[in-house]
Amino acid sequence: MTRQEENRELLKLFAPLRVADVRDGMDWMGYHFYGTLDKNIRPLWRTRICGIARTARYLPFEGPAPLLRGEEYTQWSNWYYNNVATYPWIEEIEDGDVIVLDMSGVDVGLMGSDNTLACVAKGARGFITNGGGIRDTDECILQKVPVWSYFASQKMDQARIRFSEKNVPVAIGGVAIYPGDVIVADGDGVIAVPRAVARDVAKFASRELHNDKNNRKAKYDVLGWAHDKTVLNDDE
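Below: a short report on this structure.

### What to know about the overall build of the chain
In step 1: Per the secondary structure count, the chain includes six helices and 10 strands.
In step 2: Projecting the C-alpha coordinates of the chain onto the three principal axes gives extents of approximately 70 × 40 × 30 Å.
In step 3: A total of 236 residues make up the chain; the buried ones form 46% of that total.
In step 4: The long-range share in the chain, meaning contacts at least 24 apart out of those at least 6 apart in sequence, stands at 77%.

This is the structure:
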């Protein structure tokens with residue numbers, strides 16, 4: 001089985017699962033204290049994604065910034081984006097990727113309304129960062145770009161951050177995330193599942209979801225509520 005085929009299989013397994021279900025599946029596999037990102041990494045807007053981690057690391061720019069203004073600054077800014085704050089990982093995005101950006105905690109809007117769309121057009125399902133990492137938030141919400149971050153940031157890249165590495169392990173919200181790990185995110189936050197145990201985690205998470213739906217459906221019946229998709233299992 002190729003890596004792409006494995007990715008598609010994992011995406012299918014995790015597609016119906018909530019973060020809470022995946023958290024339960026991780027517990028069943030002994031990962032009680034691992035996988036859940038810092039609770040302060042929150043969604044820009046309420047949505048849900050699952051995907052395969054594609055990672056990149058950025059470091060604080062050491063400086064100094066040149067004392068330039070106006071068109072001279074424009075020229076230097078263009079040079080900066082072409083040589084320092086680069087995005088080489090964008091060209092490698094595959095359908096189903098979740099972009100996981102280690103920003104070293106820097107307050108900078110690495111991603112915004114334009115370059116997030118370039119990633120979505122290539123198949124990215126969303127973005128997880130440990131800094132600001134996101135700006136133009138009104139447009140990102142309008143465009144339905146899924147982002148989980150600590151905060152929004154007004155600031156451009158130049159003189160603040162530089163590209164370091166891609167496709168490497170990164171640390172986000174107290175969790176080591178490796179390229180190829182499974183990422184699930186919703187209103188409950190973000191959880192990262194090590195690829196090596198992903199199938200087993202999905203098995204037990206699916207069982208918990210199945211039981212939850214049955215239990216809640218019984219309560220819907222007591223309350224006289226019509227069934228919705230959140231209480232219907234695949235065999236119904």
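Let us keep going from here.
### Notes on the pairing of strand β2 (residues 49-60)
In step 1: Most of β2 is tucked away, with 10 of its 12 residues classed as buried.
In step 2: Relative to strand β9 (residues 182-186), β2 runs antiparallel, the two being bridged by four bridges. Note that in β9 the partner of Gly51 across the bridge is Ile183.
In step 3: Pairing geometry for β2 and strand β3 (residues 97-102), over six bridges, is parallel. Across the sheet, the residue bridging to Arg57 is Asp102, located in β3.
In step 4: Regarding the hand of the β-α-β motif, the stretch spanning β2, helix α3 (residues 70-83) and β3 is right-handed.
In step 5: With five bridges connecting them, β2 and strand β6 (residues 161-166) associate as antiparallel partners. The residue of β6 that forms the bridge with Tyr58 is Phe163.

### Some thoughts on the environment of Val201
In step 1: Topologically, Val201 is positioned in helix α6 (residues 198-223).
In step 2: Judged by its relative accessible area of 0%, Val201 falls in the buried class.
In step 3: Between the C-alpha atoms of Val201 and Gly133, which are 68 residues apart in sequence, the distance is 30 Å.
In step 4: Residues within four places of Val201 in sequence aside, it is in contact with Phe14, Val22, Gly25, Met26, Met29 and Val193.

### A closer look at α3
In step 1: Here α3 is 14 residues long and its end C-alpha atoms lie 20 Å apart, about the 20 Å a rise of 1.5 Å per residue gives.
In step 2: Considered for burial, the residues of α3 that qualify are Trp76, Ser77 and Tyr80. Seen from one end, α3 has its buried residues packed into an arc of 105°, which puts them on one side. Relative to its buried face, α3 has exposed residues pointing more than 90 degrees away, namely Glu71, Gln75 and Asn82.

### Structural notes on the pattern of salt bridges
In step 1: Tallying each qualifying case throughout the model produces 14 salt bridges.
In step 2: When the shortest N-O distance is used, the salt bridge between Glu92 and Lys166 registers 2.3 Å. Highlighted residues: Glu92 in the loop between α3 and β3 and Lys166 in strand β6, separated in sequence by 74 residues.
In step 3: Residue Lys166 is classed as partly exposed on the basis of its relative accessible area of 29%.

### Examining helix α2 (residues 19-28)
In step 1: Looking only at α2, the buried set comprises Val19, Asp21, Val22, Arg23, Gly25 and Met26.
In step 2: Gly30 sits one or two positions beyond α2 and adopts a positive phi of about 90°.

### What to know about the environment of Glu91
In step 1: Along the chain, the position of Glu91 falls in the loop between α3 and β3.
In step 2: Given a relative accessible area of 64%, Glu91 falls into the exposed group.
In step 3: Along the primary structure Glu91 and Lys122 are separated by 31 residues, whereas in three dimensions their C-alpha atoms are 8.3 Å apart.

Cut-off values and rules
Residues numbered from 1 in each chain as written. Predicted model: local features only at pLDDT ≥ 70, side-chain atom pairs only at ≥ 80, totals over all residues. Heavy atoms only, no water. Helix = DSSP H or I, 4+ residues; strand = E, 2+ residues; numbered from the N terminus. Buried < 20%, exposed > 50% of the residue type's maximum accessible area, 1.4 Å probe, protein only. Contact = heavy atoms within 4.5 Å. Pairing = 2+ DSSP bridges. Right-handed = clockwise from strand over helix to strand, strands pointing away. Expected span 1.5 Å × (residues − 1). Arc of directions from axis to C-beta. Salt bridge = Lys/Arg side-chain N within 4 Å of Asp/Glu carboxyl O.

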